[in-house]
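# An overview of the molecular structure
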Amino acid sequence: MDINWSTLAGVFAVSLGATVVVVVMFSLGLAAWARAGHGQPASDVSRGRHQKMATSAAVLCFASCLAVAAYGIDLIVPG
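Everything quoted here is computed from the prediction, not taken from an experiment. (Residues numbered from 1 in each chain as written. Predicted model: local features only at pLDDT ≥ 70, side-chain atom pairs only at ≥ 80, totals over all residues. Heavy atoms only, no water.)

### Quick look at the overall build of the protein chain
To keep things clear, this is the line we draw: Each helix is a run of DSSP H or I of at least 4 residues and each strand a run of E of at least 2, with the numbering of both proceeding from the N terminus. Each residue's exposure class comes from its accessible area (1.4 Å probe, protein chains only) as a fraction of the maximum for that residue type: buried when under 20%, exposed when over 50%, partly exposed otherwise. Per-residue accessibility takes into account occlusion by the displayed protein chains alone, with areas from the Shrake-Rupley method and a 1.4 Å probe.
Looking only at helices and strands, the protein chain features two helices and zero strands. A buried classification covers 11% of the 79 residues belonging to the protein chain. Summed over its atoms, the accessible surface of the protein chain is roughly 6,500 Å², and 71% of this surface lies on carbon and sulfur atoms.

Right, here's the structure in full:
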């Protein structure tokens, strides 16, 4: 049995890169969600433009993580 090491290294590099991207996007989403005030409600702070933008950024980050996970499941599950 012969192993094609360059292909194996390429698959490893792509999977490592995708993992890092998903972890970073999820972390940014959590940070934006917390910045928007969804972690603990603050009654004295009104919802301003910055909080709405932070919520939008968090949703976008979480949606990108979901898209990557759905694509991975689509690749694995025959259909």
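Don't stop here, the text continues.
### Thoughts on the packing of aromatic side chains
This is how the line gets drawn: Aromatic rings from Phe, Tyr and Trp, taking only the six-membered ring of Trp, are treated as a pair when their centres fall within 6.5 Å; an angle between ring planes under 30 degrees marks them as stacked, one over 60 as edge-to-face, and anything in between as tilted.
Under the criterion given, the structure shown has one aromatic pair. With 5.4 Å between their ring centres and 55° between their planes, Phe26 and Phe62 make a pair best called tilted. Of this pair, Phe26 sits in helix α1 (residues 5–35) while Phe62 sits in helix α2 (residues 49–76), placing them 36 residues apart in sequence.

### Description of the state of the cysteines
What counts here: Two cysteine sulfurs form a disulfide in these notes if their separation is within 2.5 Å.
Tallied over the entire structure, the rule returns zero disulfides. Here Cys61 is not cross-linked by a disulfide; its sulfur's nearest cysteine counterpart is in Cys65, at 7.0 Å. Accessibility expressed as a relative area gives 11% for Cys65, which makes it buried.

### Observations concerning a nonpolar patch on the surface
Put simply, the rule reads: Exposure above 30% relative accessible area and the lack of any salt bridge qualify a residue for a patch; like charges then connect within 9 Å, and the nonpolar side chains Val, Leu, Ile, Met, Phe, Trp and Tyr within 5 Å. Salt bridges are counted wherever a side-chain nitrogen of Lys or Arg sits within 4 Å of a carboxyl oxygen of Asp or Glu.
Taken together, the side chains of Phe12, Leu16, Val20, Val24 and Leu28 make up a nonpolar region of the molecular surface, amounting to roughly 470 Å² of accessible area. By the element assignment, Leu16 lies in helix α1. By relative accessible area, which is 46% here, Leu16 ends up partly exposed.

### Here we look at α2
An α-helical turn contains 3.6 residues, so any two residues separated by three or four positions project in the same direction. Put simply, the test is: To estimate how far a helix should extend, the number of its residues minus one is multiplied by 1.5 Å. Residue contacts are counted whenever heavy atoms from the two residues lie within 4.5 Å of one another.
The end-to-end C-alpha distance of α2 is 41 Å, a good match for the 40 Å that 28 residues give at a rise of 1.5 Å each. The inward-facing, buried residues of α2 abut α1.

### Observations regarding α1
Its 31 residues place the ends of α1 45 Å apart at the C-alpha level, agreeing with the 45 Å of an ideal helix rising 1.5 Å per residue. Once α1 ends, the next one or two residues include Gly37, with phi positive near 95°.

### Looking at the environment of Met25
One can find Met25 in helix α1. In the structure, Met25 is positioned 36 residues away from Cys61 in sequence and 5.4 Å away in space, judged by C-alpha atoms. Each residue touching Met25, except ones within four places of it in the same chain, is listed here: Cys61, Ser64 and Cys65.

### With respect to the side chain of Gln51
What counts, and what does not: Pairs of N or O atoms are called polar contacts if they sit within 3.5 Å, as long as, within protein, a hydrogen donor faces a hydrogen acceptor (for residues adjacent in sequence, only side-chain-to-side-chain pairs).
You can see Gln51 is positioned in helix α2. Exposure remark for Gln51: the relative accessible area of 16% places this residue in the buried category. Looking at Gln51, its side chain comes within polar contact range of the main-chain nitrogen of Gly48, at 3.2 Å.

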